[in-house]
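The primary structure of each chain is shown beneath.
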Amino acid sequence: MKFKNSKFITTLIVICAVAFVVVFGLVSYQQVQEGSAKIESDSDFAKAKALSINKKGITLKVNKKTVYPSKGKYFMSPNMNLMIPTDVVENDLNCACLKYKGNTVVVIKGNTKAILKINSDKVKVNGSDYTLKEKVYKKDGVIYIPSSLFENYLGFAYNWDNDTCTASLTDTALGNALPTRYNYAEEGRLPKVQDQGQEGTCWAYATLSAIESSLLPNENYEFSRRHLVNYSRKYSKNKNGGDYSFSMAYLTSWNGPVSDNSNGYGKVKKHLQSAQILTPKDQEEMKRMVFKYGGVETSIYLQRAVSADGSPYYNSSAAAYAYEGDSHANHDVVVVGWDDNFPKENFPINVKRDGAFICLNSWGKDFGKDGLFYVSYDCVSFGEVSICYTQIDDVNNYDNIYQSDLCGWTGIMGYKDQSAAYFASVYRAKSDEKIKAVGFYATEENTDFEVFVCDQFKGLNSLSSRGRVVAKASYENKGFYTINLDKSYKVKKGQKFSIIVKAHNNNKKMRLVPVETTSKSMKKEVNLKDGEGYISADGMNWQSTEKQGCNVCLKAYTDKR
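Residues numbered from 1 in each chain as written. Predicted model: local features only at pLDDT ≥ 70, side-chain atom pairs only at ≥ 80, totals over all residues. Heavy atoms only, no water.

Caption draft 1: Broad picture of the nonpolar core. By size, the foremost hydrophobic cluster in this structure holds 81 residues, and its most contacted members are Y321, F373, F382 and Y389. It is helix α5 (residues 202-215) that provides the largest number of residues to this core, a total of seven residues. Sequence-distant contacts of Y321, that is, excluding residues within four places in its chain, are made with I300, Y301, L302, V306, Y313, Y314, F347, F373, Y374, V375, S376 and C379. (Core = buried A, V, L, I, M, F, W, Y, C linked by side-chain atoms within 4.5 Å. Buried < 20%, exposed > 50% of the residue type's maximum accessible area, 1.4 Å probe, protein only. Helix = DSSP H or I, 4+ residues; strand = E, 2+ residues; numbered from the N terminus. Contact = heavy atoms within 4.5 Å.)

The structure is reproduced here in structure tokens:
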């Protein structure tokens, strides 16, 4: 069939084209609408799924080990990103996590540095800009980092088991958690250089410099060394020296630290809640502590003649020190970094390898390089006794502390050929309060603990029928630790309550109960009337420690809120 009228053909083509456009447009519009609905539906589904997961509760395993946050709790974000509290980042993911003034958070693992902002999903990794799958949160004073940071940039493999609500993070770069060089002076973590003068108070200067470094870069304090020294002299006959045990007693009893401009009589500014005593001469552990928590107070043999370049062990031009004699440590300094590639040729004696710790001294800025100097990894007198202050809280963390060990941990009790021991303290409530946490010393490495609370103490039977475990913990290092209880336990004013702890260590030769007892170096007798202490081999038969001249080192922390 032929159409001779060209106008008719043109008109027909136009009509078909318009119809096609209309039909295609309708289809496309419908597809867009369906796509939009799908996107909205997916978003709602993710939010609902996250809400359901958060109600059930989340378990996190790091390298197959279940880990728990000390503050806050895990939660799934609306974008299905696991949000991890920063204390877990530090303690369990082997990262440094630094909080700077403002909203900046820096996470470092090995030689990778990630710079984040609170309430932002932007991240700068080793100078390059990226976007995370979720923003950084701050909730109830706790900062949360999204798991995508660790999965995408810090060498962790991430897995989620929906059936058990269990997240797993596996470090695929084990052994590379520490950078080859790290220096507090370059990270904004170096406290003010101090000068102890001619007094034998290096231990006090080292303690408070280490504490100050633990608070940096977010908080910049200068604490009173004189206040710490004067406190220790109330109890010690030794006026010309001291050690970290004096500092521990002072800090864990909340008698300090106070600000330096207070002339030694100001208000306490911080509460020490945990401090770890490191394995002697464990250099990798020392680095980890410096990297994650703060400066490490450690011992060294160092003569004053060094400052005048009068020592064969010190190269003043390189501020490099290495000792090879058999003298015992006589001085305390603070480790504030390291350099694995510091040349061994810088040391005045022959050492076997490159590498040095960067240490802060207390002899003023004229010593070393502005108060810092390098100590060889092969220095024989270095690191026999080391301590790191790993948890320092604001003073409003708890309302009250109950304690009977103002002199600190000065003795140990236990039972022969027993792998476990129980110890308990009994106190009378000063007001209507809630028991929130407990604090005590781990006297040996690799010790497990179980905590019980008796909120109505009515005699030794209360200790024996102590009920269920309200907190558990395992500690690799000796030291002082605080454990949060599973919930608050109410006590009425005037009511007696008790805290019971079971300590277990596989080595049956160890004594596991920390006590305060009078020693030859102490000026005052211990106060045996500020609480009741008890000890037991089996948790059923109890003996009074006061009748044996000592107090149990076991504290309780309470709130009136």
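Picking up where we left off.
Caption draft 2: Just the sheet that holds strand β12 (residues 156-161), in detail. Overall, mixed pairing links the four strands, which are arranged β2-β1-β13-β12 in an open sheet. Across the chains shown, the open sheet's two edge strands, defined by having one partner strand only, are β2 (65-67) and β12. Neighbour-to-neighbour, the strand axes of this sheet turn through a mean angle of 25 degrees, independent of strand direction. Relative to strand β13 (residues 166-171), β12 runs antiparallel, the two sharing six bridges. Note that in β13 the partner of A157 across the bridge is T170. (Pairing = 2+ DSSP bridges. Axes fitted to C-alpha atoms, helices over the stretch in contact; angles between N-to-C directions.)

Caption draft 3: Representation of the state of the cysteines in the model. Applying the stated criterion to the full structure yields zero disulfides. In this model C95 remains outside any disulfide bridge; the closest cysteine sulfur is found in C97, 8.0 Å from its own. The thiol of C359 is unpaired, and the distance to the nearest cysteine sulfur, on C379, comes to 8.9 Å. (Disulfide = S-S within 2.5 Å.)

Caption draft 4: Representation of the confidence of the model for the protein chain. Across the protein chain, the average pLDDT comes to 88, with 88% of residues at 70 or higher. Every residue in residues 1-40 scores below 50 in pLDDT, and together they form three contacts with partners more than four places removed in sequence or on other chains. (pLDDT = per-residue confidence, 0-100.)

Caption draft 5: Geometry of the packing of helix α6 (residues 225-235) against helix α7 (residues 244-252). Closest axis-to-axis distance for the α6/α7 pair is 10 Å, and the angle between their directions is 100 degrees. Considering the angle they form, α6 stands roughly perpendicular to α7. In this structure, α6 contributes H227, L228, Y231 and S232 to the contact, and α7 contributes F246, S247, A249 and Y250. Grouping the amino acids of the contact of α6 with α7 by side-chain chemistry returns five nonpolar, three polar and no charged. (Parallel < 35°, antiparallel > 145°, perpendicular 65-115°, else oblique. Nonpolar A, V, L, I, M, F, W, Y, C, P; charged D, E, K, R; others polar.)

Caption draft 6: Local environment of the side chain of Q273. By secondary structure assignment, the location of Q273 is in strand β15 (residues 270-277). Judged by relative accessible area, which is 0%, Q273 ranks as buried. There is a polar contact of 3.0 Å between the side chain of Q273 and the side chain of N397. (Polar contact = N/O pair within 3.5 Å; in protein donor to acceptor, adjacent residues only side chain to side chain.)

Caption draft 7: Summary view of the sheet that holds strand β10 (residues 137-139). Strand order in the open sheet formed by four strands is β3-β4-β11-β10, and the pairing between neighbours is antiparallel. The open sheet has two edge strands, β3 (75-76) and β10, and neither has a second partner. Relative to strand β11 (residues 142-146), β10 runs antiparallel, the two being bridged by three bridges. Directly across from K138, in β11, lies its bridge partner I143.

Caption draft 8: Local environment of the environment of K509. Along the chain, the position of K509 falls in the loop between β30 (496-504) and β31 (513-517). Of the residues examined, K509 reaches a relative accessible area of 78% and is grouped as exposed. Between the alpha carbons of K509 and Q418 there is a distance of 7.4 Å; along the sequence they are 91 residues apart.

Caption draft 9: Region of interest: the packing of aromatic side chains. Using the criterion set out here, one finds 33 aromatic pairs in the structure. Plain terms: the ring middles of Y221 and F223 are 5.2 Å apart, the flat faces sit at 15 degrees to each other, and that makes the pair stacked. Ring geometry for Y402 against F497: centres 5.3 Å apart, planes inclined by 90 degrees, an arrangement best described as edge-to-face. You can see Y402 sitting in strand β23 (residues 400-402) and its partner F497 sitting in strand β30, a full 95 residues away along the chain. Like F497, Y402 is buried. Put simply, the rings of Y314, Y321, W363, F367 and F373 touch in pairs and so form one group of aromatic residues. Directly above the ring of F75 sits K139, whose terminal nitrogen or CZ lies 5.1 Å from the centroid. Taking NZ or CZ as reference, K430 lies 4.9 Å from the ring centre of Y402, over its face. (Phe/Tyr/Trp six-rings, centres within 6.5 Å; stacked < 30°, edge-to-face > 60°. Lys NZ or Arg CZ within 6 Å of the ring centre and 35° of its normal.)

Caption draft 10: Structural detail: the side chain of S247. As for its placement among the helices and strands, S247 is situated in helix α7. Classification of S247 by relative accessible area gives buried; the value is 0%. Once you skip the residues sitting within four places of it in the chain, S247 turns out to touch W203, T207, L228 and Y389.

Caption draft 11: Structural context of the environment of K496. Inspection of the secondary structure puts K496 in strand β30. Note: C-alpha distance between K496 and C454 (42 residues apart in sequence) is 8.9 Å.

Caption draft 12: Structural detail: the pairing of strand β6 (residues 104-109). The element β6 is largely enclosed, with a buried count of six among its six residues. The side-chain alternation of β6 yields two buried faces, one formed by T104, V106 and I108 and the other by V105, V107 and K109. Taken together, the four bridges between strand β5 (residues 96-99) and β6 define a ladder with antiparallel strand orientation. In the strand pairing of β6, L98 is matched with V106. The hairpin turn running from β5 into β6, its antiparallel successor, is four residues long, and G102 in that turn takes a positive phi close to 95 degrees. Strand direction decides the pairing type here: β6 and strand β7 (residues 112-117), joined by six bridges, are antiparallel. Looking at the pairing, V106 lines up with I115 of β7.

Caption draft 13: Fine view of the pattern of salt bridges. Enumeration over the complete set of coordinates arrives at 18 salt bridges. K124 is the partner of D129 in a salt bridge, and the nearest nitrogen-oxygen pair spans 2.8 Å. Ionic pairing is found between R225 and E212, a salt bridge with its closest N-O pair at 2.7 Å. With R225 in helix α6 and E212 in helix α5, this pair connects stretches of sequence that are 13 residues apart. Owing to a relative accessible area of 1%, E212 belongs among the buried residues under this scheme. (Salt bridge = Lys/Arg side-chain N within 4 Å of Asp/Glu carboxyl O.)

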